[in-house]
Amino acid sequence: AQSVTQPDIHITVSEGASLELRCNYSYGATPYLFWYVQSPGQGLQLLLKYFSGDTLVQGIKGFEAEFKRSQSSFNLRKPSVHWSDAAEYFCAVGGIEVSGGYNKLIFGAGTRLAVHP
Amino acid sequence: DVKVTQSSRYLVKRTGEKVFLECVQDMDHENMFWYRQDPGLGLRLIYFSYDVKMKEKGDIPEGYSVSREKKERFSLILESASTNQTSMYLCASSLSEREGQYFGPGTRLLVL
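Residues numbered from 1 in each chain as written. Chains lettered and ligands numbered in written order. Predicted model: local features only at pLDDT ≥ 70, side-chain atom pairs only at ≥ 80, totals over all residues. Heavy atoms only, no water.

Draft legend 1. A nonpolar patch on the surface, seen in detail. On the surface, a cluster of nonpolar side chains totalling about 260 Å² of accessible area is made up of Val12, Leu110 and Leu112 of chain B. Along the chain, the position of Leu110 of chain B falls in strand S11 (residues 107–111). (Patch = residues over 30% accessible without salt bridge, like charges linked within 9 Å, V, L, I, M, F, W, Y side chains within 5 Å. Areas by Shrake-Rupley, 256 points an atom, 1.4 Å probe, with all protein chains shown as cover. Salt bridge = Lys/Arg side-chain N within 4 Å of Asp/Glu carboxyl O. Helix = DSSP H or I, 4+ residues; strand = E, 2+ residues; numbered from the N terminus.)

What follows is the structure, encoded as structure tokens:
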């Protein structure tokens, strides 16, 4: 079955440090790939997306992600983390599973990011 | 910017009550979704709709129904609320699969 794996449940970084959140998926072809961020008690906000073209994509809030086909990965990065980046981050994959004519979005379990001052 | 709004941020209901959760999007999106989010279980799709008056079951439709009478509005209905439906409910809309889904702020429902 298709799946999305975020290996890290919790990550803690110091403010100003670099960040990389990992995401791996299992699927033969290139799916649509997304990263979302969720602040406590809020909905999910779309950070960035990839479906074709340049494998390094830029998103909002200074985030970027790189699609690596050989590793089936779509890791999220930020060169310098701010305290306001503390949140939960979800990787999601689409274009895989057909249901009623629409491919569902499959979410990873999330990575909770804490930022130390 | 896409705006998805949900009628309530917090809701407290009694077991057996009928509960309506409303979701409105302002971007003329064809597709709308209802998820619930629970600790340790992630996001689970309840129902989705790809057109007015069309609906499809998601992964956990039991105990829920939906209504989409207008393109911009997608309602989730709990016919007879139960305590195991206490959860965070998230609505989303989408123009196309590759554009991703845009989420509302969520409704935290407590069923007593």
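Draft legend 2. Quick peek at the layout of surface pockets. Empty space within the largest pocket amounts to approximately 510 Å³. Lining the largest pocket are 25 residues, with Gly43, Leu44, Gln45 and Leu46 of chain A together with Phe103 of chain B positioned closest to its centre. Contributions of two or more residues to the lining of the largest pocket are made by strand S5 (32–38), strand S6 (44–50) and strand S10 (87–94) of chain A together with strand S1 (4–6) and strand S10 (102–103) of chain B. Taken together, the residues of the lining of the largest pocket break down into twelve nonpolar, nine polar and four charged. (1 Å grid on protein atoms, 1.4 Å probe; cavity = no way out; pocket = protein on both sides within 12 Å on 5 of 7 lines; lining within 4 Å. Points joined across faces, edges and corners; volume = space filled by probe spheres on them. Nonpolar A, V, L, I, M, F, W, Y, C, P; charged D, E, K, R; others polar.)

Draft legend 3. View of the interface of chain A and chain B. Facing the 20 residues of chain A at the interface are 25 residues of chain B. Here chain A and chain B share an interface that buries about 2,000 Å² over both sides, 56% of which is from carbon and sulfur atoms. If you look at where chain A meets chain B, you find one salt bridge. Glu99 of chain B is the salt-bridge partner of Lys49 of chain A, the closest N and O atoms lying 2.7 Å from each other. Linking chain A with chain B are five residue pairs in polar contact (both at pLDDT 80 or more). Where the side of chain A that touches chain B is concerned, the elements lending two or more residues are S5, S6 and strand S12 (102–103) of chain A. Within the side of chain A that touches chain B, the residues separate by chemical class into ten nonpolar, eight polar and two charged. (Contact = heavy atoms within 4.5 Å. Buried area = accessible area lost by both parts, 1.4 Å probe. Polar contact = N/O pair within 3.5 Å; in protein donor to acceptor, adjacent residues only side chain to side chain.)

Draft legend 4. Inspection of the environment of Lys70 of chain B at higher detail. In this structure, Lys70 of chain B sits in strand S7 (residues 65–70). The exposure class of Lys70 of chain B is exposed, given its relative accessible area of 52%. (Buried < 20%, exposed > 50% of the residue type's maximum accessible area, 1.4 Å probe, protein only.)

Draft legend 5. Geometry of the sheet that holds S1 of chain B. Residues and elements named next belong to chain B. Strand order in the open sheet made by the four strands is S1-S3-S8-S7, with antiparallel pairing throughout. Looking along the sheet, the strands with just one partner apiece sit at the ends: S1 and S7. The average angle at which neighbouring strand axes cross in this sheet is 20°, direction not considered. (Pairing = 2+ DSSP bridges. Axes fitted to C-alpha atoms, helices over the stretch in contact; angles between N-to-C directions.)

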